[in-house]
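Listed below are the residues making up each chain.
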Amino acid sequence: MFRFFLSRVLAAVPTLFIIIMLAFFLMRLAPGGPFDSERALDPEIVKNLRRIYRLDRPLIEQFWLYLQSLAHGDLGPSLHWRDFSVGELFAVALPVSATLGAKAMLIAILAGTALGAAGAMSNSALGPRLVDGAALFGIVLPVFVIAPLFQLAFGLTLHILPVGGWNDGAWQNQILPVTTLALPQIAIVARLMQASLKDTLAMPHVRTLRAFGMPRSHIVTHALRAAFPPVVSYLGLAAANILTGSVVVETIFGIPGMGRYFVYGALGRDYTLVMGTVIVVAAAVLLFNLIVDLILAWLDPRVRFEARPR
Amino acid sequence: MKGPVRLPFLAHRLARASLAVIGFIILLCLFGPLFSGHSYDKIYRDYVLVRPSLFAHPTADETREALEAIARRMHVQIAAPREDGEALHVTLETAKPVNPRALRAFERSDVFGPARIVNSENEGRRVDVDVALKQQVFLFGTDANGRDLFTRTLIAGRVSLAVGLLASFVALTIGVAYGAIAGYAGGRTDALMMRVVEIVYALPFIFLVIVLVMIFGRNFVLIFVAIGAVEWLDMARIVRGQALSIKQMEFVAAAEAMGASAPAILWRHIIPNAAGPIAAYLTVLIPRVILLESFVSFLGLGVQEPLTSWGVLIADGARNIQGSVHLLIFPALYLGATLGALQILGNALHAEKT
């Protein structure tokens, strides 16, 4: 198990490096610079700014300098919010986004698997159909439609929850964004879970258990273990979806998270800020995929053995 | 495949209904704007944020308001408006004689047609005027700039569907070529090529789109190239898997023995034999691409005004949610119906395959 873990971690490091490299050079291909504004700055000032931020050096040297500061855990100064470093901006924004994402993920997993399992185990024909129907709703109603509808229903009409804002993470302010983020994922997880559990319930080993007259709880435990892998492997994608969804949710609900830095940073050519968001997001996705791989290996021994070098 | 292509999945009632919905939306988006009576970028200043309605405008209230505005502009008193079918009879009273050219004010508003003096008394200080009323229907209401939402929704549909199809085509081309080459080449090439896919996969796709939009500018054509360039990964994986198994087949060995070149084998044997899974994945891909385009446009990075797409309209609706729900509901309904129908169709196709 430890070897497996190590091999996965070692595979993730070069991936992260290549992503950093790709992002760095792709960004510089784009026309325009961080100091373009409505009113053109004095060329002397731009020249000085570029010198201070070392943007006048050759690109390769800039990349090397960036890697060096990165090795010291320094993401560099923001080129747009010039009073802050990227690290300082993230110190405020990252916990907000992480709270939002983690809660949405947790709810998606719990509610999704519960719903899916209930659908697969219901004896009537109606149960599975309900789950499929609900799953369809998750696809038909994207995050950017659910969010304003929630604002309208709970904020503007019923007046029971705030329409937006973060308010230092008060629970009332968290309910709508977290639910909005979780809903589409609940739908997908539920459908996967239902399909997978239905298959495993029909498997020979489960049938054998049933033939031996084992109690229902016992049978379900066995079936669940075999049913989880497809669901777990989806969770990596779910994390990426929640990350992108949170860009929209943070915009609509006016939450001071990472999402706005993504869009504003790219539009304002704030190179260091975009690099920072890319690194954080890519690291989060890679980390989550690593966790997913570990859970899969724990659930399914075959994954462990295949990974072992022959 | 022998004989004509049969589509038994159409026996599925839901799938048939979905196909009908998609066909209806496509036809409506293509031809609806021709008959809606409005241009998608025409601004009606007198009809801002009008609610959706089946009945023609102007209503009595709107007529009165427009008359009052014109009276102020012309410095006249307007008395005794009397409606008669499509025309309105009004009497203008003023201290100075009415200048007939000032009656253009009527025509300039969105509510009235040309005005005509029928009777002039007191040296033009009291004038009876006939004014035509412009009858206009705003089925879905109007937006904050006073543009017809029905027409805009359909034009947006054209854009969203076009982007969906073209971006899917881009993704299809890249993905199939990449996957087939990787799978057929095998070995080190395959490992390297798939490693690249894995790396791009770990890049958050929205970042890629943003960077590509930055590079290309907000150009309509290049948006779907950018989206297609992001969505080819899954296609490449699927085709590669197919290619790996197809190249083991005897007919490929036979073609190789006869000296067929690698491109010829790819084109004649590998790709056609992977057509089934490719088509099945395409039905998943198209709604995903439409959704992605809406997402990018929602963030203001996609299609630019006055052109529009469902994502742009939904963003607009989200901003005006207080007071004008119709701006959100109608575009969301169209987007949702399209996504849902495509999804059901895709599911039916998948069920068909297995």
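Residues numbered from 1 in each chain as written. Chains lettered and ligands numbered in written order. Predicted model: local features only at pLDDT ≥ 70, side-chain atom pairs only at ≥ 80, totals over all residues.

*Asks:* Pulling in residues and values, what's your account of the overall build of chain B?
*Replies:* Helix and strand counts for chain B come out as 13 helices and six strands. With respect to the three principal axes, the spread of C-alpha positions in chain B is 105 × 45 × 35 Å. For chain B, the share of sequence-separated contacts (at least 6 apart) that also reach a separation of at least 24 residues comes to 69%. (Helix = DSSP H or I, 4+ residues; strand = E, 2+ residues; numbered from the N terminus. Contact = placed C-beta atoms within 7 Å.)

*Asks:* A description of the overall build of chain A should follow, citing residues and the corresponding values.
*Replies:* From N to C terminus, chain A includes twelve helices and zero strands. For chain A, the spread of C-alpha atoms along the three principal axes comes to 85 × 65 × 30 Å. Burial status across chain A gives 38% buried among its 310 residues. Counted over contacts in chain A with a minimum sequence separation of 6, partners at least 24 positions apart contribute 73%. (Buried ≥ 20, exposed ≤ 12 C-beta atoms within 10 Å, placed from the backbone.)

*Asks:* So what's going on with the packing of helix 4 (residues 149-185) of chain B against helix 8 (residues 232-246) of chain B? Residues and values would help.
*Replies:* All names here are of chain B. One can describe the packing of helix 4 onto helix 8 by two numbers: an axis separation of 7 Å at closest approach and a directional angle of 35 degrees. Note on packing geometry: the crossing formed by helix 4 with helix 8 is right-handed. For the pair helix 4 and helix 8, the contacting residues are Ala171, Leu172, Ile174, Gly175, Val176, Tyr178, Gly179, Ala180, Ala182, Gly183 and Tyr184 in the first and Trp232, Met235, Ala236, Arg237, Ile238, Val239, Arg240, Gly241, Gln242, Ala243 and Leu244 in the second. Counted by class, the contact of helix 4 with helix 8 contains 15 nonpolar, five polar and two charged residues. (Axes fitted to C-alpha atoms, helices over the stretch in contact; angles between N-to-C directions. Left-handed = near helix turned anticlockwise from the far one by under 90°. Nonpolar A, V, L, I, M, F, W, Y, C, P; charged D, E, K, R; others polar.)

*Asks:* So what about the packing of helix 6 (residues 143-157) of chain A against helix 7 (residues 171-201) of chain A? Which residues, and what values?
*Replies:* Residues and elements named next belong to chain A. It is the contact of helix 6 with helix 7, at a shortest axis distance of 10 Å, that shows an interaxial angle of 140 degrees. Put simply, helix 6 runs oblique to helix 7. In this structure, helix 6 crosses over helix 7, and the sense of that crossing is right-handed. Two secondary-structure elements touch here, helix 6 through Val143, Ile146, Ala147, Phe150 and Phe154 and helix 7 through Leu176, Thr180, Leu181, Leu183 and Pro184. When grouped by side-chain class, the residues that make up the contact of helix 6 with helix 7 number nine nonpolar, one polar and no charged. (Parallel < 35°, antiparallel > 145°, perpendicular 65-115°, else oblique.)

*Asks:* With reference to specific residues and values, describe the environment of Asn99 of chain B.
*Replies:* If you trace the backbone, Asn99 of chain B turns up in the loop between strand 3 (87-93) and helix 3 (104-108). For the pair Asn99 of chain B and Gly124 of chain B, spaced 25 residues apart in the sequence, the C-alpha separation amounts to 8.2 Å.

*Asks:* Got a sec to walk through the interface of chain B and chain A? Specific residues and values, please.
*Replies:* In this complex, chain B contributes 29 residues to the contact, which on the side of chain A involves 31 residues. The set of elements that each furnish at least two residues to the side of chain B that touches chain A consists of helix 5 (187-202), helix 6 (205-216), helix 11 (275-298), helix 12 (310-319) and helix 13 (326-353) of chain B. For the side of chain B that touches chain A, the element with the most residues is helix 6 of chain B, which contributes seven residues. Considering only residue class, the side of chain B that touches chain A consists of 22 nonpolar, six polar and one charged.

*Asks:* A description of helix 6 of chain A should follow, citing residues and the corresponding values.
*Replies:* Given 3.6 residues to a turn, an α-helix orients residues that are three or four positions apart in the same direction. The end-to-end C-alpha separation of helix 6 of chain A is 20 Å, in line with the 21 Å expected for 15 residues at 1.5 Å each. Phi turns positive, to about 55 degrees, at His159 of chain A, one or two residues after helix 6 of chain A. (Expected span 1.5 Å × (residues − 1).)

*Asks:* Tell me what's going on with the nonpolar core, and back it up with residues and numbers.
*Replies:* Of all hydrophobic cores here, the largest spans 158 residues; its most connected members are Phe144 and Val189 of chain A together with Ile227 and Ile314 of chain B. Among residues more than four places away in sequence, those in contact with Ile314 of chain B are Phe144 and Val145 of chain A together with Ser294, Phe298, Leu328, Pro331, Ala332 and Leu335 of chain B. (Core = buried A, V, L, I, M, F, W, Y, C linked by C-beta atoms within 7 Å.)

*Asks:* Report on the confidence of the model for chain B, specifying residues and quantitative values.
*Replies:* When pLDDT drops low, the exact placement of atoms in the prediction is not to be read closely. Residues and elements named next belong to chain B. Of all residues in chain B, 92% attain a pLDDT of 70 or more, and the chain-wide mean is 80. In the model of chain B, helix 6 stands out as the element of lowest mean pLDDT, 70, in contrast to helix 4, which has the highest, 89. Counting contacts from residues 1-5, a segment whose pLDDT is below 50, to residues more than four positions away or on other chains yields zero contacts. Overall fold confidence (pTM) sits at 0.82, and the ipTM for the predicted complex is 0.79. (pLDDT = per-residue confidence, 0-100.)

*Asks:* Got a sec to walk through the environment of Phe224 of chain B? Specific residues and values, please.
*Replies:* All names here are of chain B. When you line up the elements, Phe224 lands in helix 7 (residues 220-230). Owing to 24 C-beta atoms within 10 Å, Phe224 belongs among the buried residues under this scheme. C-alpha separation for the pair Phe224 and Gly179, spaced 45 residues apart in sequence, amounts to 21 Å. Those residues in contact with Phe224 that lie beyond four places of it in its chain are Val163, Leu166, Ala167 and Val170.

*Asks:* How would you explain the environment of Ile20 of chain A if you had to name every residue and give the values?
*Replies:* Here Ile20 of chain A shows up in helix 1 (residues 2-29). The spatial distance from the C-alpha of Ile20 of chain A to the C-alpha of Met275 of chain A is 7.3 Å, given a sequence separation of 255 residues.

*Asks:* Tell me about the pairing of strand 4 (residues 112-121) of chain B, residues and numbers included.
*Replies:* All names here are of chain B. Here strand 4 runs beside strand 5 (residues 126-133); their pairing, made up of seven bridges, is antiparallel. Bridge pairing in strand 5 links Asn119 to Asp128. Between strand 4 and strand 5, which pair antiparallel and follow one another directly, the connecting turn spans four residues, one of which, Asn122, has a positive phi of 55 degrees. (Pairing = 2+ DSSP bridges.)

*Asks:* How would you explain the confidence of the model for chain A if you had to name every residue and give the values?
*Replies:* Per-residue pLDDT for chain A averages 83, and the proportion of residues at 70 or more is 96%. Put simply, helix 12 (residues 301-307) of chain A is where chain A has its lowest mean pLDDT, 65, and helix 4 (residues 86-121) of chain A is where it has its highest, 90.

*Asks:* I'd love a proper account of the pairing of strand 3 of chain B, names of residues and values included.
*Replies:* Residue and element names in this part refer to chain B. Burial along strand 3 is one-sided: Leu88, Val90 and Leu92 are buried, and none of Ala87, His89, Thr91 and Glu93, which face the opposite way, are. Pairing between strand 3 and strand 5: seven bridges, direction antiparallel. Within the sheet, the bridge partner assigned to Leu88 lies in strand 5 and is Val131.

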